[in-house]
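Here's the letter readout for the chains.
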Amino acid sequence: MKLTTFMATAIIATTFFSCESDKKMDAKKETEFTLDYEKFTLDNGLDVILHVDKSDPIVAVATVMHVGSNREVPGKTGFAHFFEHMAFNDSENVPVGANRKMIPEWGGSRNGGTWSDGTIYYEVVPKDAFEKILWIDSDRFGYMINTVTTAALEREKQVVKNEKRQRVDNAPYGYTDEIIRKNLYPEGHPYSWTVIGALPDLQAATLDDVKEFYHQYYGAANGSLVIAGDIDIEETKKQVQKWFGEIPSGPEVAPLKPMPVTLEKSKSLSFEDNFAKLPELRMVFPTVENYNKDSYALQVLGQLLSGSKKAALYKTIVEEKKLAPNAGSYQNSNELAGEFIIRVRANEGVDLDEVKEAIETGLLNFETNGFTDNELERIKAELETRSYSGIATVLNKAFQLVNDNEFAGDPEQTIKDTEIIKNMTREEVMRVYNTYIKDQHYVMTSVVPKGNIALAVSDSEEASIWIEEVGAMAASEEVSQGEEAVYEKTPSTHDRSEPAFGDAPLIKMPAVWTGKMENGLGLFGIENNELPLVNFNIIIPGGHKLDPAGKAGVASLMADLMNEGTANMTSAALEEAIGLLGSSIYIGSGSEDLVISGSCLSRNFEKTMTYVEEMLLQPRWDEKEFDRLKKELETSLKGREANPTAIAALNFNKLIYGDNHSYGVPTNGTLESVKNITLEDVKAFYKNLSPKGANFHVVGSVDETGVKKALQHISENWNGEAIVLQDQPLPKQDKAGNLYFIDVPNSKQSVLYIGKIAVNANDKDAKKLDYSNEILGGGSSGRLFQTLRISKGYTYGAYSRIPERAEKAAFTINSSVRANATLPSLKIIEEMLQTYGTGFTEEDVTLTKNKIIKANTRAFESFGAKLGMLNRISKYGRSLDYVDEDQTLLTQMQLEDFKTTIANYMAEEDMVYLVVGDKATQLEEVKKLGKKVIELDIYGNTL
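Counting restarts for each chain, with residues numbered from 1 along the sequence as it is written. Local features in a predicted model are, by the rule used here, given only for residues with pLDDT of at least 70; side-chain atom pairs are given and counted only at 80 or more, and totals for whole chains, interfaces and linings are based on all residues. Here the side-chain values reflect all heavy atoms present in the structure, with hydrogen atoms and water set aside.

(A) Molecular detail of the overall build of the protein chain. Summing up its helical and strand segments, the protein chain has 31 helices and 25 strands in all. Over its C-alpha atoms the protein chain spans a radius of gyration of 28 Å, differing by no more than 12% from the 30 Å that the globule rule assigns to 943 residues. Overall size of the protein chain, expressed as C-alpha extent along the three principal axes, is 75 × 65 × 60 Å. Relative accessibility under 20% of the residue-type maximum defines a buried residue, over 50% an exposed one, and the middle range a partly exposed one, all with a 1.4 Å probe and only protein chains included. Relative to its full complement of 943 residues, the protein chain shows a buried share of 60%. In this analysis, two residues are considered to be in contact whenever any of their non-hydrogen atoms come within 4.5 Å of each other. Sequence separation of 24 or more characterises 83% of the internal contacts of the protein chain that already satisfy a separation of 6 or more. Approximately 36600 Å² of the protein chain is accessible, and the part contributed by carbon and sulfur atoms is 48%. Every helix listed is a DSSP run of H or I at least four residues long, and every strand listed is a run of E at least two residues long, numbered separately from the N terminus. Computation of the radius of gyration draws on C-alpha atoms, with the globule rule given as 2.2 Å multiplied by the number of residues to the power 0.38. Using a 1.4 Å probe, the Shrake-Rupley method yields the accessible areas, and only the shown protein chains count as cover for residues.

(B) How the structure looks around the nonpolar core. Nonpolar core, defined: a set of buried Ala, Val, Leu, Ile, Met, Phe, Trp, Tyr and Cys residues in which side-chain atoms within 4.5 Å join the residues together. Core analysis: the largest hydrophobic core is formed by 56 residues, its most contacted members being Phe82, Phe83, Tyr218, Ile227 and Phe244. Leaving out residues up to four positions away in the same chain, isoleucine 227 has contacts with Ile49, Leu50, His51, Val59, Ala60, Val61, Phe130, Leu134, Thr236 and Val240. Among the nonpolar cores identified, the runner-up in size contains 52 residues, and Met558, Ile585, Val682 and Leu711 belong to it.

(C) How the structure looks around the confidence of the model for the protein chain. Note on scores: pLDDT gives the predictor's confidence for each residue, bounded by 0 and 100. On average, residues of the protein chain score 92 in pLDDT, and 95% of them are at 70 or above. Ignoring residues within four places in sequence, the model shows residues 1–31, a span with pLDDT below 50, making 87 contacts including any to other chains.

(D) Fine view of the packing of helix α3 (residues 130–142) against helix α8 (residues 233–244). As a packed pair, α3 and α8 sit with axes 9 Å apart at the nearest point and diverge in direction by 30°. The crossing of α3 and α8 is right-handed. Residues Phe130, Glu131, Leu134, Trp135, Asp137, Ser138 and Phe141 of α3 form the contact with α8, whose own contacting residues are Thr236, Gln239, Lys242, Trp243 and Phe244. Working convention: axes come from line fits to C-alpha atoms, limited for helices to the stretch in contact. Angles between N-to-C directions cover 0 to 180 degrees. When the near helix sits turned anticlockwise from the far one by under a right angle, the crossing is termed left-handed; a clockwise turn instead gives a right-handed crossing.

(E) The sheet that holds strand β8 (residues 267–273), seen in detail. Any two strands are treated as partners once DSSP identifies two or more bridges connecting them. Taken together, the six strands give an open sheet; going across it, the order is β10-β11-β9-β12-β8-β13, and neighbouring strands pair in mixed fashion. Of all the strands in the sheet, just β10 (328–333) and β13 (461–462) have a single pairing partner and so form its edges. Summarising the sheet, β8 and β13 pair through two bridges and their orientation is parallel. Considered in β13, the bridge of leucine 269 is made with glutamate 461. Lying on the sheet, helix α11 (residues 352–369) is in contact with β9 (280–287), β11 (338–345) and β12 (443–449); it crosses β9 at an angle near 45°.

(F) Structural context of empty space enclosed by the protein. Buried and open spaces are told apart on a 1 Å grid over the protein atoms alone, a cavity being a set of points where a 1.4 Å probe fits but cannot get out and a pocket being an open set with protein on both sides within 12 Å along at least five of seven lines. Residues with an atom within 4 Å of a point are the lining residues. Grid points are joined across faces, edges and corners, and a volume is the space filled by probe spheres set on the points. Scanning all chains against the criterion turns up four cavities of 30 Å³ or more. Of the voids in this model, the second largest cavity is the one considered here, and its volume is about 60 Å³. Thr63, Met65, Phe83, Ala87, Tyr121, Asp137, Arg140, Phe141, Met144 and Tyr218 together form the lining of the second largest cavity. Secondary-structure elements contributing two or more residues to the lining of the second largest cavity are β4 (58–65), α1 (79–87) and α3. Here the lining of the second largest cavity gets three residues from one element, more than from any other, and that element is α3. Residue polarity is assigned by list, with Asp, Glu, Lys and Arg as charged and Ala, Val, Leu, Ile, Met, Phe, Trp, Tyr, Cys and Pro as nonpolar; anything else, Gly included, falls into the polar class. Tallied by class, residues from the lining of the second largest cavity come to seven nonpolar, one polar and two charged.

(G) Structural context of helix α9 (residues 293–306). Most of α9 is tucked away, with 11 of its 14 residues classed as buried. Looking at α9, one finds that the buried residues are Asp294, Ser295, Tyr296, Ala297, Leu298, Val300, Leu301, Gly302, Leu304, Leu305 and Ser306. Here a polar contact means two N or O atoms within 3.5 Å. Within protein one must be a hydrogen donor candidate and the other an acceptor candidate, and residues neighboring in sequence count only if both atoms are side-chain atoms. The N-terminus of α9 is capped by asparagine 292, whose side-chain oxygen sits 2.8 Å from the backbone nitrogen of aspartate 294.

(H) Examining the environment of alanine 312 more closely. Here alanine 312 is to be found in helix α10 (residues 312–320). Judged by relative accessible area, alanine 312 falls into the buried class, the value being 12%. Residues alanine 312 and isoleucine 359, spaced 47 residues apart in sequence, show a C-alpha to C-alpha distance of 9.0 Å. Sequence-distant contacts of alanine 312, that is, excluding residues within four places in its chain, are made with Leu304, Leu305, Gly362 and Phe366.

(I) Region of interest: the side chain of asparagine 347. Mapping asparagine 347 onto the fold places it in the loop between β11 and α11. At a separation of 2.7 Å, a polar atom in the side chain of asparagine 347 contacts the side chain of threonine 635.

(J) Helix α17 (residues 571–580), seen in detail. Within α17, eight of the 10 residues are buried, leaving the element largely enclosed by the surrounding structure. Glycine 582 lies just past α17 and shows a positive phi near 75°.

(K) Geometry of the packing of aromatic side chains. Two rings belonging to Phe, Tyr or Trp (six-membered ring only in the last case) form a pair when the distance between their centres is within 6.5 Å. Interplanar angles under 30 degrees mark stacking, angles over 60 mark edge-to-face geometry, and anything in between is tilted. Taken as a whole, this structure holds 26 aromatic pairs when the rule is applied. Both rings, one in tyrosine 175 and one in phenylalanine 271, keep their centres 5.7 Å apart while their planes meet at 75°; by these two values the pair is edge-to-face. In this pair, tyrosine 175 sits in the loop between α4 (150–169) and α5 (176–184) while phenylalanine 271 sits in strand β8, placing the two residues 96 residues apart along the sequence. Per residue, the accessibility class of tyrosine 175 equals that of phenylalanine 271, and both read buried. Ring plane angle 90° and centroid distance 5.1 Å describe the contact between tyrosine 657 and tyrosine 663, whose orientation is recorded as edge-to-face. The class of tyrosine 663 is buried, set by a relative accessible area of 5%. One aromatic cluster is present, formed by Phe79, Phe82, Phe83, Phe88, Tyr121, Phe213, Tyr214, Tyr217 and Tyr218 through successive ring pairs. Between lysine 854 and the ring centre of phenylalanine 501, over which it is positioned, the NZ or CZ distance is 4.0 Å. Charges are assigned to positions over rings by a cutoff of 6 Å between ring centre and Lys NZ or Arg CZ, combined with an angular limit of 35 degrees from the ring normal.

(L) Geometry of the pairing of strand β5 (residues 109–114). Across six bridges, β5 lies against strand β6 (residues 119–126) in antiparallel orientation. Across the sheet, threonine 114 pairs through a bridge with threonine 119, a residue of β6. Two successive antiparallel strands, β5 and β6, enclose a turn made up of four residues.

(M) Inspection of the side chain of glutamate 613 at higher detail. You can see glutamate 613 is positioned in helix α18 (residues 605–617). None of His or the chain ends enter the tally, which takes Lys and Arg as positive and Asp and Glu as negative. We define a salt bridge as a contact between a side-chain nitrogen of Lys or Arg and a carboxyl oxygen of Asp or Glu at a distance within 4 Å. Buried charge without a partner: glutamate 613 forms no salt bridge, and the closest opposite charge is lysine 607, 10 Å away. Side-chain polar atoms of glutamate 613 contact the side chain of asparagine 717, separated by 3.5 Å. Among residues more than four places away in sequence, those in contact with glutamate 613 are Gln618, His713, Ile714 and Asn717.

(N) Just the sheet that holds strand β24 (residues 912–917), in detail. With mixed pairing, the six strands of this open sheet are ordered in space as β22-β23-β21-β24-β20-β25. Two strands in the sheet have a free side with no partner beyond their single neighbour: β22 (795–801) and β25 (932–936). Neighbouring strand axes in the sheet, compared pairwise and without regard to direction, differ in orientation by 15° on average. Two strands pair when backbone bridges link them, and strand β20 (residues 738–743) and β25 are joined in this way by five bridges, in the parallel orientation. Each residue of the ladder has a partner; that of leucine 739, found in β25, is valine 933. Against the sheet, helix α24 (residues 766–777) makes contact with β22 and β23 (810–818), and its axis sits at roughly 165° relative to β22, the strand it touches most.

(O) Representation of the pattern of salt bridges. Applying the stated rule across the entire model yields 66 salt bridges. Here glutamate 468 and arginine 165 are joined by a salt bridge, their closest N and O atoms 2.8 Å apart. One end of the pair, glutamate 468, is in the loop between β13 and β14 (513–516); the other, arginine 165, is in helix α4, with 303 residues separating them in the sequence. Among the ionic contacts, a cluster of salt bridges with common partners joins Lys309, Glu564, Glu625, Arg628 and Glu632.

Listed below in structure tokens is the structure:
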């Protein structure tokens, strides 16, 4: 075993700038953060990186293979992604189905991903399962190919096809990527097809194809392994050698050289999208590959063109022409080539010729007027905060180290990238603009709602796209687990049977401090000094629950408007001032609360809070901004009408809560309710914001004294009486047993929602219901997922849940299934609910307890998870050690407790069913379920 040890030290120097002018301030500080690691290479060529982080008793493991869709050939596209799915099935020394089922049962999480250049597999587990995850990971890596069967192959084909239907075929603008790739890259270029590939190619895949791909690309020398977390370096080296050392190196995989493209002329394509409600324009310029020196300046250029209120494209398209709610531009670099993308999703009915003209005007303004020093420094300051946020969890650290090692050959590459951008000059930015954008050819797509081709850019050519026709279930779609493979086991010098658990990890809640400001604002904090970061929020009760009758969306609009400047600062000036600190502040409204959230470097916490105070207490109430935001909201609401998943979620809530309960109406309103909202309504609603009943939550590198000091001025100036929130009566629950159907013509999938009103977060049965649901729908080890995806191949995912809410929440099952599997899926769910309680066993009780208790080891690692914990304590009156209390409740639950809870809240006969799909093919099918079928339109009105 070859051993080389490295230490990476990121030193980030920040120059402070005045928020009121372009003059530099004298103060300059450096923050130093060290990310230590050891790197060594096994004799088989596998690179291994180890990082110790003992903050939590967990370990993250990630393996990256240097093979993505760029290694495929025409006729066999989508294979890298398909193989990633296959790899999660069986292997020689691990029980059938264990990869997806056992890891969650150990309290862990797992997933994978494929992109144009690579494939990653990753897990996070409690430290006592560390050797177990090395066992599973190494077996998947080196010992899975003999176990692949025709049945497994055909089953996984259906899963991947469902993923494509859900993410591409049934999604607005889902085909745009395919159109761009086909026209930007020449035929045969590794980026000329999408990562998920073509369904006919996938359906044609054979066992020999799978084996050939594995033997060619899944050798140890073609990957990198990272292990980060609560580990011992020397012991881990021994374990890695044992479990991964015998995996064959594999054939040499020759590196691909950059393959940038040029266009001889610009191309304009149009496509009528069955699911889109708004016209969208994209302009894509060919650029450079990842790690090319110009890629960094192009990243900065993207933010300068559209990333702020001062940006040229934003000012022209959004403020001046009022054609769209926003505009986006960004550099997308991959291993072989890159693209610079300008994207505008316009307002309803806008002619994309106008958008194209506005983009050209914006680019000309950028050429003429350039950008200020502050705009460039804002980008650099925000980069520092993002750099720290990017390594705030052990999994994020693992991702950074392993990807940098495999694709840049250097685990420290991200640190070096950050330094390059920190030293970026305006000359470099303008040079890449002139080289890659100005007067250069591009591919332009006009994606418009079906029947509105007149909105496309003039003289555009119709794009050619293969679209699947989903009919009755074909023989190839009837899949099952099938027989296990018969093979001779690969010999090993080690015992490759399942290792035992290590010592049980100590599960400890973070220490919480509490307090109260003089104005009544509650304080809840967790001090964490690992990184120089602070995350915070202010939770103010009310939100959508206080929207006036007939004017749903007022709270949401008010929150949006409070982000757009203050009495003393324009929206652009406020955005720049906050950005120069590397901070972010956002005000939003939810179903039960208004939330002011933010993040900052710890040294800038006090200054950041001055802007929070100004935004909260001195709103600008700008009439023009109000009109723009209202138009933006209306555009968003119109776009929502194209999304089958959104249609299902919103209408399910309406069915069970009715029109008069706030949960039954979308948080940001409807097109009908929003049109009646005025600026005066927003101002009136603002009076509901009181510190009494509100709570400030903070996590990060700041202590209680520092928090109180930073909030003192807010406390002195923010006053008001507590707002009384009235209980909302629930409508009569008289829809049980009904099945409601909403037509989305030509939908390739049906979205299923099944559920009923259950309990609120403070109910004595709330946690019992949460625990009782775990076996049914708690992630990939749940019966819904295991049956509908793993056994049947009907869906990409199926889950059930009970959310935490102040008022009664609904127990809900949801999934998106292949259209012609709608009825079989409904039958499976119906039967599963009917037998769940009676079939619940002592084994299920033990499994539930072990799974949930072990999962608590990773429950509070991230800043966001810690803030969620504080919110749970303040909002629901939970104790500071509520996790221990919940675990005690769980351990004391007996089999009859589970059965009683299931009978009370999960009885099938109490469920309301909703299906959103293609009426022409599925309505008559769902009638065969034997329930009363009622048709609705997309707004929930009975037809």
